[in-house]
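# A look at the structure
One letter stands for each residue in the lines below.
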Amino acid sequence: MSKLKIAIQKSGRLYEESLQLLKDCGILVNNGKDQLKVSVDNFPMEIMYLRNSDIPQYLEDGVVDVAIVGENLLIEKQKNIQTVEKLGFSKCRVSIAVPKEIETDDPAYFQGKKIATSYPNTLRNFLNQKGIEADIHVISGSVEIAPNIGLADGICDIVSSGSTLFKNGLRETVTLLKSEAVLAQNSQLFPEKAAILDKFLFRIKAVLKAKNSKYILMNVPNDKIQKVANVLPVLKSPTVIPLAEEGWSSIHSVIDQERFWEVIDELKENGAQDILIIPIDKMVI
């Protein structure tokens, strides 16, 4: 039987969260110490642990079928790779930063100057769009120290919290792109492997939907049920259960995490009481 070959980062910021996603999808990984390829007992899948920068090439060459990888890396490597699903973790941005004493945020500041970066293609495309000619100095790591040692006038690098920039006397000026972990696939998949990928995607979507939603229970006067139901747009229709106290019902539904407090305020304004919020493990729709 065919197995879906998936690549994940062997170390670094994506590693733990990638394994957690597989676990949440019910995929049991035999993660032997220092192994580069491991089997899965309960799903037709093989996992390859690769260097982050190598994953796009392995995908394009068909060595692996799919991968969990940073969207920023796919954009930088410019490979013939399809993004299948955004995964919602390892969010970051690729930004330009300058020494904090530089007051301008205008990218034109870099005309004729030097920029250190690990993302030369992304940076070059941005500079070309702006009509800026600058000297791009490619560095594989520790980009943020370049201005302090006189190697560059600024940098272009990944930014998450911004604390590393702050510690090195830099400040963020322009965001080139926003990124998160994605599931990406080779452009050519045999039908049997495509079918396995569909099953994997079904599990991923169930997990992601649950993480972005909350189960909600509340008590509502019967004459306010319709108003409260109109505030709950996630499911087709909320569940309404009569209470022992006449004239009252319990309403069960799901709300989006992003609008959580906004929805709670609207529910209270429309008569909901005794509101209970419960995390959701999986959500299959």
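Residues numbered from 1 in each chain as written. Predicted model: local features only at pLDDT ≥ 70, side-chain atom pairs only at ≥ 80, totals over all residues. Heavy atoms only, no water.

## Remarks on the overall build of the protein chain
Counting its secondary structure elements, the protein chain contains eight helices and 15 strands. The globule rule puts the C-alpha radius of gyration for 285 residues at 19 Å, and the 24 Å found for the protein chain is more than 25% above it. Its C-alpha atoms give the protein chain principal-axis dimensions of roughly 75 × 55 × 35 Å. Burial status across the protein chain gives 46% buried among its 285 residues. The contacts in the protein chain between residues at least 6 apart in sequence include a share of 69% that link residues at least 24 apart. Of the side chains in the protein chain, 34 bear a positive and 37 a negative charge, and the two mean positions are spaced by 4 Å. (Helix = DSSP H or I, 4+ residues; strand = E, 2+ residues; numbered from the N terminus. Rg over C-alpha atoms; globule rule 2.2 N^0.38 Å. Buried < 20%, exposed > 50% of the residue type's maximum accessible area, 1.4 Å probe, protein only. Contact = heavy atoms within 4.5 Å. Lys, Arg positive; Asp, Glu negative; His and termini not counted. Charge placed at Lys NZ, Arg CZ, Asp CG, Glu CD.)

## Describing the UniProt feature "domain: ATP phosphoribosyltransferase catalytic" (unreviewed entry) in the protein chain
UniProt tags residues 51-205 as "domain: ATP phosphoribosyltransferase catalytic" (unreviewed entry). A helix fraction of 29% and a strand fraction of 32% characterise residues 51-205, whose end C-alpha atoms lie 26 Å from each other. (UniProt positions renumbered as here; feature names shortened; annotations may be inferred.)

## Some points on the domain arrangement of the protein chain
Each assigned domain of the protein chain is listed here: domain 1 (4-89 + 180-210), domain 2 (93-179) and domain 3 (213-279). Each of domain 1 and domain 3 has a C-alpha centre, and these two points are 38 Å apart. (Domains from an automatic or database assignment.)

## Here's the deal with the side chain of Thr 122
Tracing the chain through its elements places Thr 122 in helix H4 (residues 120-130). The class of Thr 122 is buried, set by a relative accessible area of 8%. Residue contacts for Thr 122: discarding those within four places in its chain leaves Ile 75, Glu 76, Val 94, Leu 176 and Leu 177.

## Regarding the packing of aromatic side chains
Overall, the coordinates contain four aromatic pairs when judged by the stated rule. Their ring planes at 75° and their centres at 5.1 Å tell us that Tyr 109 and Phe 110 sit as a pair that is edge-to-face. For the pair formed by Tyr 109 and Phe 110, the shared burial category is buried. An angle of 85° between the planes, with centres 4.7 Å apart, marks the rings of Phe 260 and Trp 261 as edge-to-face. Directly above the aromatic system of Tyr 109 lies the positively charged group of Lys 113, at a separation of 4.7 Å from the ring centroid. (Phe/Tyr/Trp six-rings, centres within 6.5 Å; stacked < 30°, edge-to-face > 60°. Lys NZ or Arg CZ within 6 Å of the ring centre and 35° of its normal.)

## A closer look at the sheet that holds strand S11 (residues 181-186)
Reading across from one edge, S2-S3-S1-S4-S11-S5 is the order of the six strands in this open sheet, with mixed pairing throughout. Because the sheet does not close on itself, it has two edges, and the strands there are strand S2 (37-39) and strand S5 (81-86). Across this sheet, the average inter-strand angle for adjacent strands is 30°, counted without regard to direction. Pairing analysis gives six bridges linking strand S1 (residues 4-9) to strand S3 (residues 45-50), with the strands arranged parallel. Looking at S3, one finds that Ile 8 is bridged to Tyr 49. Packing against the sheet, helix H1 (residues 15-24) makes contact with S1, S3 and strand S4 (66-70), and its axis sits at approximately 175° to S3. Lying on the sheet, helix H6 (residues 191-211) is in contact with S1, S3, S4, S5 and S11; it crosses S5 at an angle near 35°. (Pairing = 2+ DSSP bridges. Axes fitted to C-alpha atoms, helices over the stretch in contact; angles between N-to-C directions.)

## Describing the environment of Lys 224
Following the sequence through the fold, Lys 224 ends up in the loop between strand S12 (213-221) and helix H7 (225-229). A residue is classified by how much of its surface remains accessible, and Lys 224, at 30% relative accessible area, is partly exposed. For the pair Lys 224 and Gly 271, spaced 47 residues apart in sequence, the C-alpha separation works out to 6.3 Å.

## Let's talk about unusual backbone geometry
Positioned with a positive phi, Gln 78 is a non-glycine residue whose angle comes to about 55°. Topologically, Gln 78 is positioned in the loop between helix H3 (71-77) and S5. Assessed through its relative accessible area of 48%, Gln 78 is described here as partly exposed. Although it is not a glycine, Ser 90 sits at a positive phi angle of roughly 55°. Tracing the chain through its elements places Ser 90 in the loop between S5 and strand S6 (92-99). The class of Ser 90 is buried, set by a relative accessible area of 12%.

## Things to note about the sheet that holds strand S7 (residues 114-117)
What holds strands together in a sheet is hydrogen bonding between their backbones, with the strands either parallel or antiparallel. In space, the five strands of this open sheet follow the order S8-S7-S9-S6-S10, with mixed pairing throughout. What marks the edges here is a single partner per strand, and that holds for strand S8 (135-138) and strand S10 (170-179). Ignoring which end each strand starts from, the neighbouring axes of this sheet average 25° apart. The sheet contact formed by S7 and strand S9 (residues 154-159) spans three bridges and is parallel. Within the sheet, the bridge partner assigned to Ile 115 lies in S9 and is Gly 154.

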